[in-house]
Amino acid sequence: MRLNKGGLIASALYVVHFLLFSCLSYFASLKASVLLAEAAVLPAGLVLGWVWPALGLQDPPFSTESWMNSYGFYAPVSLVISYLFGWMLHTIWRLLVRYVGPGLEQIDTALIKRLNRD
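These remarks concern the structure in this document. (Residues numbered from 1 in each chain as written. Predicted model: local features only at pLDDT ≥ 70, side-chain atom pairs only at ≥ 80, totals over all residues. Heavy atoms only, no water.)

1. Digging into the layout of surface pockets
Which entries qualify depends on this criterion: A cavity, in this analysis, means grid points on a 1 Å lattice covering only the protein atoms where a 1.4 Å probe fits yet has no way out; a pocket is instead an open set bounded by protein on both sides within 12 Å along at least five of seven lines, and a residue lines either one if it has an atom within 4 Å of a point. Grid points are joined across faces, edges and corners, and a volume is the space filled by probe spheres set on the points. The secondary structure listing takes helices from DSSP runs of H or I that are at least 4 residues long and strands from runs of E that are at least 2 residues long, numbered from the N terminus. Note that Gly is not counted as nonpolar here; it falls among the polar residues with everything else outside the nonpolar set of Ala, Val, Leu, Ile, Met, Phe, Trp, Tyr, Cys and Pro and the charged set of Asp, Glu, Lys and Arg.
The volume enclosed by the largest pocket comes to roughly 260 Å³. Around the largest pocket, the lining residues are Val34, Ala37, Glu38, Val41, Gly45, Asn69, Ser70, Tyr71 and Tyr74. Taken together, the elements giving at least two residues each to the lining of the largest pocket come down to helix H2 (30-40) and helix H4 (71-99). Of the residues forming the lining of the largest pocket, the biggest block, 3 residues, is contributed by H2. By residue class, the composition of the lining of the largest pocket is 5 nonpolar, 3 polar and 1 charged.

Structure representation (structure tokens):
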């Protein structure tokens, strides 16, 4: 199975984002560290914050002491979400190049011919 190039790039960017905000939250004050830790797992927080109520569950549907309320759960979920987001962007780009690109090439050729008239 080949992995998508756009998904891998988005995943690598997320890993850098996660490491940066995790390290910053370690050295910050208490209030700032909570905010930075939440920013480190932002993709999962955004998606799961929308999914739980859509399923009719409370937000979140587990206790605050659960393992599902930690980096161990939110970081891999965020990584998967960022991969899927990169895959989606790469697919949209390839579709645009395939279907819109030839038309743009024809417009470009016509414009060059028109501007090169002597």
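2. Side note on helix H3 (residues 42-54)
Filter applied, for reference: In a helix, the anticipated span is given by 1.5 Å times the number of residues less one. Partly exposed describes any residue whose relative accessible area lies between the buried limit of under 20% and the exposed limit of over 50%, with all areas from a 1.4 Å probe on protein chains only and scaled to the type maximum. Whether two residues touch is decided by their heavy atoms; if any such pair falls within 4.5 Å, the residues are in contact.
The first and last C-alpha atoms of H3 sit 19 Å apart over 13 residues, in line with the 18 Å expected at 1.5 Å per residue. Buried within H3 are the following residues: Pro43, Ala44, Leu48 and Trp52. Looking at the buried side of H3, the elements it contacts are helix H1 (5-27) and H4. A positive backbone phi angle near 80° is found at glycine 56, which sits one or two residues after H3.

3. Considerations on the nonpolar core
Heads up, the rule is: Think of a nonpolar core as a cluster: buried Ala, Val, Leu, Ile, Met, Phe, Trp, Tyr and Cys residues, connected wherever their side-chain atoms sit within 4.5 Å.
One finds Tyr14, Phe18, Ala40, Val41, Ala44, Leu48, Trp52, Phe62, Phe73, Tyr74, Ala75 and Ile81 forming the largest nonpolar core, which totals 12 residues. Elements that contribute at least two residues to this core include exactly H1, H3 and H4. Among the elements that take part in this core, H4 stands out by supplying 4 residues, more than any other. If near-sequence neighbours (up to four positions away) are discounted, phenylalanine 62 is found in contact with Trp52, Met68, Asn69 and Tyr74.

4. Digging into the side chain of serine 25
We apply this condition: Identification of polar contacts relies on pairs of N or O atoms within 3.5 Å, with a donor-acceptor requirement for protein atoms, meaning one able to donate a hydrogen and the other able to accept it, and with residues adjacent in sequence counted only if both atoms are side-chain atoms.
Mapped onto the secondary structure, serine 25 falls in helix H1. Using a relative accessible area of 12% as the deciding quantity, one classes serine 25 as buried. A distance of 2.8 Å separates a polar side-chain atom of serine 25 from the backbone oxygen of serine 22. Every residue in contact with serine 25, bar those within four places of it in the chain, is listed here: Ser33, Leu36, Ala37 and Tyr71.

5. With respect to the packing of aromatic side chains
Our working definition: Aromatic pairing here means that ring centres of Phe, Tyr or Trp (its six-membered ring) are within 6.5 Å. Orientation follows from the plane angle: under 30 degrees is stacked, over 60 is edge-to-face, and everything else is tilted.
Using the criterion set out here, one finds 5 aromatic pairs in the structure. Ring centres 5.1 Å apart and planes at 80° place the aromatic pair tyrosine 26 and phenylalanine 27 in the edge-to-face group. Phenylalanine 27 carries the same exposure label as tyrosine 26, and that label is exposed. Here tryptophan 67 and phenylalanine 73 contribute two aromatic rings whose centre-to-centre distance is 5.8 Å and whose plane-to-plane angle is 90°, an arrangement assigned as edge-to-face.

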